Amino acid sequence: MSTATPQRTGGVVGTRVRRHEDDRLLKGLGRFADDVNRLGQVHARIVRATVAHGEVVRIDTTAARTLPGVIAVITGADLGDIPPIPIRLPRGDEPEGCLQPILPDEVRYVGEPVAVVVAEDPYTAEDAAELVAVEYRELPVVLDASDGPAATRMQAGFGEVTAAFSAAAHVVELDLAVGRHAAVPMEPRGLVAEYDAATGRLQVWGATKVPVFNRNVLARMLGMSAEQVRLHAMDAGGGFGARGEFYPEDLLIPWLARHLRRPVKWTEDRAENLVALNHSRQQRHRIAAAFDADARLLALRDEITHDNGAYLRTHGLLVPELTVGMLPGPYRIPAYQAVLDVVLTNKTPCGTYRAPGRYEGTFAREHLLDVAADRIGIDRAAIRQRNLLRPDEIPHVRPLRALGTDMVLDAGDYPALLATALAKTSGWRDEVARLRARGRKAGCGFAVFLEKSGLGPHETADVIVEPSGRVRVHSGGTSLGQGIETVLAQIAADRLGIDHQNVQVINGDTDLQPFGLGSWASRSTVLAGNAVDLAATAVLRRARSVAARMLDVPEDLLEHSGDAFAFDDRSVGLGEIAAACAPGSPYLEPGTEPGLAARRVFEVDHMTYPYGVHVALVDIDPGTGHVAVPRYLVAYEIGKAINPTLVEGQLRGGVAQGLGGALYENFHYDEQGQPQAATFMDYLMPTATEVPGLVDTIVTEDAPSPDNPLGLKGAGEGGITAAGAALANAVRDALGLTGAVGHLPLSPQWICTELGRGGTACG
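Residues numbered from 1 in each chain as written. Predicted model: local features only at pLDDT ≥ 70, side-chain atom pairs only at ≥ 80, totals over all residues. Heavy atoms only, no water.

**Student:** I'd like a rundown of the sheet that holds strand E22 (residues 471–475), residues and numbers included.
**Tutor:** Taking strand neighbours across the sheet as the criterion, the four strands line up as E23-E22-E21-E27 in an open arrangement whose pairing is mixed. With one partner strand each, in any of the chains shown, strand E23 (503–507) and strand E27 (596–603) form the two edges of the open sheet. Ignoring strand direction, the axes of neighbouring strands in this sheet form an average angle of 15°. Relative to E22, strand E21 (residues 458–465) is paired through five bridges, and the arrangement is antiparallel. (Pairing = 2+ DSSP bridges. Helix = DSSP H or I, 4+ residues; strand = E, 2+ residues; numbered from the N terminus. Axes fitted to C-alpha atoms, helices over the stretch in contact; angles between N-to-C directions.)

Structure, rendered in C-alpha cells:
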C-alpha cells in the first residue's frame, strides 16, 4: 500500500469561494445562544457588585424570594466548596490568591457576581434581582496601577543592554500608555444548560471559543466526569479573544440546571457585558532604544506596567508574556531587556483581545522608531529598512519564549514587504499636501509588525465520507465569524477532489470531537486546517485500497481524478467506496473498522510568524479635533491563503477595531471605582462613518511556513496589530509634533490641546 501523500486534485485551495456560513446567516437561519430554548426552561439574572472593593456583610434575599414567579435565589453560601476558575495556559509562576471565585464574600470590581436569581421568565428574574439587597463593608480601592504593588514581575531579554546604551551615539526614550479597551462583540454572552437526571448528563449551549477546555473545567468544578458533560458550540456574533472563555456564569448556569432539575437560560445585556466581559490592553511603557552613529539599533529596553484588573482569569499571564516576548518585532536587535509588572486593581479583569500584547508593544516600538528617526535626522522608512531582519537572516532564532514556545522567526522578507507597501501608497503624500493647502491638518504614518499564529500543541479533525458521497468534517476548531467552516471545507475538498459544497463542517461539539483545543491565537486555519488535510489524506489512502479491491486491480494502477478512482474505463466514486466499507463487506481488509473515515492529529511544537505593514492617512479637522481616516492600507504575508477573500475580510475588520482603540475606545473609572463607560453613550466605538470606506490590502504568499505541510500562517489578528501605531504616527505627522503622542486613544480633546500649543486652537 502506498504511503506517499496523494496529489491534490480539487483546485479549491486558494480560490475565492463563497462562505458556507453565509447561506444560513444572511437568511436569518443562524442559531445563536439566545435562539436556544428547552422545554420547561427558566431564566437566570445575575446580581452584580455595586462597589469596587468591599466585604459582603449580608445578602438579604427575602423580597426577591417572595416575588411571584421566582424559583430560587442563590448566593455563595449555597454553592458549597467550589474552587475558583483555573487558568487555561498556566506558566507556573502565577501569584497566590489571584484566581476569580464564583460568588465571593469579598468583591473586587463593580460588576462581579454576588448572587443569581432564577424565575419563570426573564422579566421577573430582572425585577427580583433588583430586590436583592447586598450590604458591603467598603475597602480601599486601587485604580492606578502605578499605585498598587506588583502581583508578579516578568522579565525577558538577551545581550548586553547596559553596555549598548553606554556606547550608543543616540538614545531615545519615551513614556507611552495604551488605554483600557474591550472586544465588545456584537452578541453579548448567553448560555442554556439542561440536566438529564435519568442519564446524569449535562448539556450546555453557547460556549463557543474553547469548548473542550470549558467542558473539562465545568466537569471538575461540578464533580462530574467529562463524558457526562456535552458542550454545543453555536453561531457567535464575534469573539475577538474575550467571548467564550470560562467566566463565573459558565459555572452558575449549569450548576443551577443540575440543582433545579430544569433547563436554565441566561442572556447577558449590554450593560453587563461592558463591566463583566474581559477588558484588555491597559499598559504603560517606558521604552528606550540605543542606536549607533548610522542609526542601527544596538539595544532596546522597556519598563512596562500592566493593569490586569481584579483577577487573573483563564488567560493567566498570557497578555504580558506576549508583550515582552513579541516587543522586538521583525527587527535585528543585538540586546534587549523588558521588565513588566503585573498589577491587580479594582477594575474588571483583563484578558486577551485580538492581538493581545502585540497591539500595545507594536505601538510603543513603532512610535519610538518614528521619534528616533526625526531626532537622529533619518527618513522614517530608512531607519526601519536599516534595522529589519534580512531574508538571509531567516530563520531567526530569538532567545525569547512566547506562549511557552521558543521564538523561531520561520520565513519572511520583511524589507521587501515594507517597500511594497510604501510604493503602493507613494501618492498619498500628494493628497496630504492638498489637504494641508485647504487648511486641514493631514499626515501619513506607517508601522511594521510581527505576528504570531498556529499555537500548538495540537488540533484534531475527523473526515467522514458518507455513502451519498457527501463528506463531514468534525473539527476541534470553533466558528466565531472567521470563516473556518469554509476554509476547512476547501481544504478537505481540495485533497479529496470533490466539490467544496459537498463538505459539511461541524465545529466545537465536544461529543463529536472531544480532543479539540478550540479557536484562539490565530490557530484555527493553521492547526485545524492541517489536521483536516491529514485526515483527508488518510481517507484517500483507504479509499484507494478499497477501490483496488472493488475493481480487482493493483493500487498503483489506479488513477485518482475528481471524486473517483479509475482503471481503464471502469471507476468507483468516493460514495460507492464508502458504501462498500459497510460491516461485513468483502472489500474490507480483515480486522479493519467499517466506514470510510479517519481521525488525525496535527502536532506542532512552536508557532509560525506572519508579518505586515500598516499605512494610514489622517485628515484632522482643526475646528473640532476630529480625526478622519480617508485612506488605509494593510500589507500582509499569509504564507498560503486558503481563501483570499476571507483573509482580506479579517484584515479589514481588524483595522476597524484597531481604529477604535487608537481614537475612540476607553474604559475609565471615578475615584470610587465606578465605571464611567457602562453604555454605548459613553464607550465610544467607530461606526461605518468613521471607518475608512475602503481599506486597501496587499496579501502576499511569498514566505510559506516550513513548519506545517500546507505552509499556512494565521490571519486573524494582522489587521489590528499595527493600527494603533500607524494611526498614532499619522496623527503625530499631521500635528507636526517633535515628541511622542504619549497615549492612546487620541481623543479630540487631546488633539485640540495640541493644536492650541501650536497656535491653532479648536473653535
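**Student:** Mind laying out the packing of aromatic side chains, listing which residues take part and the relevant values?
**Tutor:** The full count for this structure, using the stated rule, is five aromatic pairs. Between Phe158 and Tyr336, the ring centres sit 5.9 Å apart and the planes meet at 50°, which makes this aromatic pair tilted. With Phe158 in strand E7 (residues 150–158) and Tyr336 in strand E17 (residues 336–343), the pair connects residues that are 178 residues apart, well separated along the chain. Both rings, one in Tyr414 and one in Tyr611, keep their centres 4.6 Å apart while their planes meet at 85°; by these two values the pair is edge-to-face. Here the residue Tyr414 occupies a position in helix H12 (residues 414–424), and Tyr611 occupies one in strand E28 (residues 611–620), the gap between them amounting to 197 residues. (Phe/Tyr/Trp six-rings, centres within 6.5 Å; stacked < 30°, edge-to-face > 60°.)

**Student:** Outline the sheet that holds strand E26 (residues 570–573), supporting the account with residue identities and numerical values.
**Tutor:** Read from one edge of the open sheet, three strands run E24-E25-E26, paired in antiparallel fashion. On the outer flanks of this sheet lie strand E24 (559–561) and E26, each paired with one strand and no other. Strand-to-strand twist across the sheet, computed as the mean angle between neighbouring axes with direction ignored, equals 25°. Sheet topology note: the E24/strand E25 (residues 564–567) ladder contains three bridges and is antiparallel. The residue of E25 that forms the bridge with Glu559 is Ala566. Against the sheet, helix H15 (residues 524–551) touches E24, E25 and E26, its axis set at about 40° to E25. (Contact = heavy atoms within 4.5 Å.)

**Student:** Outline the pattern of salt bridges, supporting the account with residue identities and numerical values.
**Tutor:** According to the stated counting rule, one finds 57 salt bridges in the structure shown. Residue Lys209 pairs with Glu245 through a salt bridge whose shortest N-O separation is 2.7 Å. Linking Lys209 in the loop between strand E11 (201–205) and helix H6 (211–222) with Glu245 in the loop between strand E12 (229–232) and helix H7 (248–260), this pair joins segments that are 36 residues apart in sequence. Using a relative accessible area of 1% as the deciding quantity, one classes Glu245 as buried. We note a salt bridge from Arg230 to Asp511, for which the minimum N-O separation is 3.5 Å. Taken as a pair, Arg230 in strand E12 and Asp511 in the loop between E23 and H15 lie far apart in primary sequence, 281 residues in all. When its relative accessible area of 34% is taken as the criterion, Asp511 is described as partly exposed. Within the structure, one salt-bridge network assembled from shared partners comprises Arg45, Arg48, Glu126, Arg189, Glu249, Glu268, Asp269 and Glu272. (Salt bridge = Lys/Arg side-chain N within 4 Å of Asp/Glu carboxyl O. Buried < 20%, exposed > 50% of the residue type's maximum accessible area, 1.4 Å probe, protein only.)

**Student:** Tell me about the pairing of E23, and please be specific about residues and values.
**Tutor:** Here E23 shows one buried face, formed by Val503, Val505 and Asn507, and one open face, formed by Gln504 and Ile506. In this sheet, E23 lies alongside E22 in parallel orientation, the contact comprising five bridges. From the neighbouring strand, His474 faces E23, where its bridge partner is Ile506.

**Student:** I'd love a proper account of the pairing of strand E15 (residues 283–291), names of residues and values included.
**Tutor:** The side chains of a regular strand alternate between the sheet's two faces. With seven of nine residues buried, E15 is to be regarded as a mostly interior element. When strand E8 (residues 170–178) meets E15, the two strands line up antiparallel, connected through nine bridges. Across the sheet, Leu174 pairs through a bridge with Ile287, a residue of E15. Direction of pairing for E15 relative to strand E16 (residues 297–307): antiparallel, over a ladder of nine bridges. Note that in E16 the partner of Ala289 across the bridge is Leu300. Counting the residues that bridge the hairpin from E15 to E16 gives five residues, and of these Ala295 lies at a positive phi of roughly 65°.

**Student:** Explain the environment of Glu576 to me, using residue names and the numbers behind them.
**Tutor:** Inspection of the secondary structure puts Glu576 in helix H16 (residues 574–579). Take Glu576: its relative accessible area is 46%, and that puts it in the partly exposed class. Along the sequence, Glu576 and Thr267 sit 309 residues apart, while their C-alpha atoms lie 46 Å from each other. Beyond its immediate sequence surroundings of up to four residues, Glu576 is in contact with Pro467, Met550 and Ser571. At 2.9 Å, the side chain of Glu576 forms a polar contact with the backbone nitrogen of Gly573. (Polar contact = N/O pair within 3.5 Å; in protein donor to acceptor, adjacent residues only side chain to side chain.)

**Student:** Requested: an account of the environment of Ala582, with residues and values cited.
**Tutor:** Structurally, Ala582 can be placed in the loop between H16 and E27. What makes Ala582 partly exposed here is its relative accessible area of 33%. For the pair Ala582 and Glu593, spaced eleven residues apart in the sequence, the C-alpha separation amounts to 9.1 Å. Filtering out sequence-adjacent residues up to four positions away, Ala582 remains in contact with Leu588 and Pro594.

**Student:** Pulling in residues and values, what's your account of the nonpolar core?
**Tutor:** Soluble, globular proteins show a tendency: their nonpolar side chains are buried together. Ile102, Leu218, Leu251, Leu256, Phe291, Tyr336 and Tyr632 are the most contacted members of the largest nonpolar core, which totals 158 residues. Here Leu256 is in contact with Ala44, Ile74, Val116, Val118, Arg261 and Val264, once residues within four sequence places are set aside. With 52 residues, the next largest nonpolar core counts Val487, Val532, Val553 and Ile577 among its residues. (Core = buried A, V, L, I, M, F, W, Y, C linked by side-chain atoms within 4.5 Å.)

**Student:** Account for unusual backbone geometry, naming residues and giving values.
**Tutor:** Cis rather than trans, the peptide bond between Ile394 and Pro395 has omega equal to 5°. In the segment running from Gly456 into Pro457, the intervening peptide bond is cis, with an omega of 10°. Position of Pro457 among the secondary structure elements: in the loop between strand E20 (441–450) and E21. For Ala355, which is not glycine, the phi torsion reads 65° and is therefore positive. Summarising the element assignment, Ala355 is placed in the loop between E17 and helix H10 (358–376). Non-glycine residue Leu403 carries a positive phi angle of around 55°. Its place among the elements puts Leu403 in the loop between strand E18 (396–402) and strand E19 (405–409). The exposure class assigned to Leu403 is buried, which follows from its relative accessible area of 15%.

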